[in-house]
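Residues per chain are reported as follows:
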Amino acid sequence: MIKVAVNGYGTIGKRVASAILAQPDMSLIGVSKTSPNYEAYQAQKMGMSLYVTKESAKEFEEAGIKVKGVLEDMIREADVVVDATPNGVGAQYKQIYSSMGKRALFQGGEKANVADVSFSALCNYDEAVDKKFVRVVSCNTTGLLRTLCTLNKMSKITKVRGTIVRRAADPKEVKKGPINSLIPDPASIPSHHAKDVNTVLKDLDIVTMAVIAPTTLMHVHMLDITVSTSVTREDVLSVMKSTPRILLASSKSKVGSTAEIVEVARDMGRNRNDLYELIIFEDSISVKGNEVFLMYAVHQESIVVPENIDAIRAVSGFSDGRKSMEITNTSMGIRTGYLV
Ligand SMILES: NC(=O)C1=CN([C@@H]2O[C@H](COP(=O)(O)OP(=O)(O)OC[C@H]3O[C@@H](n4cnc5c(N)ncnc54)[C@H](O)[C@@H]3O)[C@@H](O)[C@H]2O)C=CC1
Ligand SMILES: O=C(OP(=O)(O)O)[C@H](O)COP(=O)(O)O
């Protein structure tokens, strides 16, 4: 059993913790919380051990929340720490993980140089095997890489031009905007996503542009991908249909928006309405000679969760990436083919 601790129990941390509990080869040492809020109460109810900073221990006691120990106790018990603290905070913890001799995963909000490898399971599982520090790339970058590494199997990609419509905030975030604007983020080109793709696919010619839109459900990407040989729409459909972690939204099923995609997740009874799969709008897949066009949606709160699970196995020395993905997909109910 790989013993895992989750430092930072927010949008990503809580989902990774739940996914760890579903794995046959992992155990959850506990999760860390900095304040006794509703998430701490729920984690306690779900039977997770809570660890807190020394300074906040009294606050938890006063709120009636039982804690197992301080953060350092949790890290000491673990083989691997999944750091899911806010952007930039993870880098501050690296020294602690390192001095305690622990392997650690960081998230996409950290700079690439925080880790030995930036990770996307379908692209470069092997590179992360036995590494001490691995960064799971951001949700948008995970969506891009899952698409590009899948298409690469069909015909080598030579150029990518992409536009990203970013959700403004996660559904739980009450203080973030905008509520009435579209904001280039950043206005300068490329956005960080192209640079992040290049941390994994090092020589790819890719340019991305991004705007933030007032929606909380999902991101949407529009891609123009040039491949090295002439391909057909059927070729693209076929590779997308047969790749786990990718689902097609067909017009027959009348799923034509992010709102309807998330409604399907609700109807499926998915935990927290999560969609670990990338959702491609089937009708958008078009081909002109060597150019492939497509649009897809990314569930930002959950797409990186299976990647974290595979990265835990990789840093622990499990060298069979295909097998790891199979275990992750089965344990989390991750599907292949059509959304509906
Ligand atoms: N929310 C999203 O859509 C996605 C986020 N990410 C990345 O995941 C990371 C975490 O993001 P979220 O989960 O969205 O953030 P979040 O704000 O929802 O959760 C972060 C958690 O860490 C806790 N925390 C803050 N300071 C801490 C400290 N010093 N020690 C321990 N815990 C601390 C917070 O209280 C909170 O519970 C970031 O790097 C982000 O870029 C990646 C993919 C998608
Ligand atoms: O990693 C994310 O997005 P990104 O890939 O656009 O940076 C997550 O959606 C978090 O983004 P946020 O920093 O806007 O909360």
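This is a predicted model, so every value here is computed, not measured.

Enquirer: How do you make sense of the overall build of the protein chain when you look at a structure like this?
Expert: Helix and strand counts for the protein chain come out as 12 helices and 17 strands. The globule rule puts the C-alpha radius of gyration for 340 residues at 20 Å, and the 20 Å found for the protein chain is close to it. Summarising its shape, the C-alpha atoms of the protein chain cover approximately 65 × 45 × 40 Å along the three principal directions. Classification of the 340 residues of the protein chain by burial places 54% in the buried group.

Enquirer: Looking at this model, I keep getting lost on the UniProt feature "active site" (unreviewed entry) in the protein chain. Mind explaining?
Expert: According to UniProt, the feature "active site" (unreviewed entry) maps to C139 in the numbering used here. The topology assignment puts C139 in helix α7 (residues 139–154). Here C139 falls in the buried class, since its relative accessible area comes to 16%. Once residues lying within four places of it in the same chain are set aside, the contact partners of C139 are H219, V298, Q300, I303 and V304.

Enquirer: Teacher, can you tell me more about the packing of aromatic side chains here?
Expert: Each aromatic ring pair is specified by the distance between its two centres and by the angle formed by the two planes. Under the definition given, this model contains four aromatic pairs. Measuring from centroid to centroid gives 5.9 Å for Y93 and Y97, while their planes differ by 15 degrees, and the two rings are stacked. Of this pair, Y93 and Y97 both sit in helix α5 (residues 89–99), separated by four residues, roughly a single helical turn. For the pair formed by Y93 and Y97, the shared burial category is buried. Taken together, the aromatic side chains of Y93, Y97, F106 and F133 make up a single cluster linked through ring pairs.

Enquirer: Help me out: how do you make sense of the site of ligand 2 in this one?
Expert: Close to ligand 2 lie N87, S138, C139, N140, R166, R167, K176, H192, H193, H219 and Q300, which account for all nearby residues. Residue R167 places a side-chain N or O atom 3.0 Å away from an oxygen atom belonging to ligand 2. Measuring from an oxygen atom of ligand 2, one finds a side-chain N or O atom of H192 at 2.8 Å. When the free accessible area of ligand 2 is taken as 390 Å², the share hidden by the protein chains comes to 76%. A per-class count over the shell around ligand 2 returns one nonpolar, seven polar and three charged.

Enquirer: What is the right way to read the side chain of Q300 from this model?
Expert: Within the secondary structure, Q300 is located in the loop between β16 (291–298) and α11 (305–315). For Q300, a relative accessible area of 4% corresponds to the buried category. Non-local contacts of Q300, meaning those with residues more than four positions away in its chain, are made with I12, C139, R167, A169, D170, P171, T216, L217, M218 and H219.

Enquirer: Got a minute to help me understand the site of ligand 1 in this structure?
Expert: The environment of ligand 1 is made up of 22 residues, and the closest members are T11, I12, N87, Y93 and D170. Take N87: an N or O atom from its side chain is 2.7 Å from an oxygen atom of ligand 1. Within the contact set of ligand 1, a nitrogen atom lies 2.7 Å away from a side-chain nitrogen or oxygen of D170. Taking 830 Å² as the accessible area of ligand 1 by itself, protein coverage stands at 81%. Of all the secondary structure elements, the ones that give two or more residues to the shell around ligand 1 are α1 (11–21), β2 (26–33) and α5. By residue class, the composition of the shell around ligand 1 is seven nonpolar, 11 polar and four charged. The residues that make up the shell around ligand 1 include at least three from each of domain 1 (2–137 + 305–326) and domain 2 (139–303).

Enquirer: I would appreciate a short explanation of the sheet that holds strand β5 (residues 80–83) in the present structure.
Expert: One key point about sheets: their strands pair by backbone hydrogen bonds, in either a parallel or an antiparallel sense. Taken in spatial order, the eight strands make up an open sheet running β4-β3-β2-β1-β5-β6-β8-β7, and their pairing is parallel. Among the strands making up the open sheet, the edge pair consists of β4 (69–70) and β7 (117–119). Direction of pairing for β7 relative to strand β8 (residues 133–136): parallel, over a ladder of three bridges. Directly across from F119, in β8, lies its bridge partner V136.

Conventions and cut-offs
Residues numbered from 1 in each chain as written. Chains lettered and ligands numbered in written order. Predicted model: local features only at pLDDT ≥ 70, side-chain atom pairs only at ≥ 80, totals over all residues. Heavy atoms only, no water. Helix = DSSP H or I, 4+ residues; strand = E, 2+ residues; numbered from the N terminus. Rg over C-alpha atoms; globule rule 2.2 N^0.38 Å. Buried < 20%, exposed > 50% of the residue type's maximum accessible area, 1.4 Å probe, protein only. UniProt positions renumbered as here; feature names shortened; annotations may be inferred. Contact = heavy atoms within 4.5 Å. Phe/Tyr/Trp six-rings, centres within 6.5 Å; stacked < 30°, edge-to-face > 60°. Near = heavy atom within 4 Å. Polar contact = N/O pair within 3.5 Å; in protein donor to acceptor, adjacent residues only side chain to side chain. Areas by Shrake-Rupley, 256 points an atom, 1.4 Å probe, with all protein chains shown as cover. Nonpolar A, V, L, I, M, F, W, Y, C, P; charged D, E, K, R; others polar. Domains from an automatic or database assignment. Pairing = 2+ DSSP bridges.

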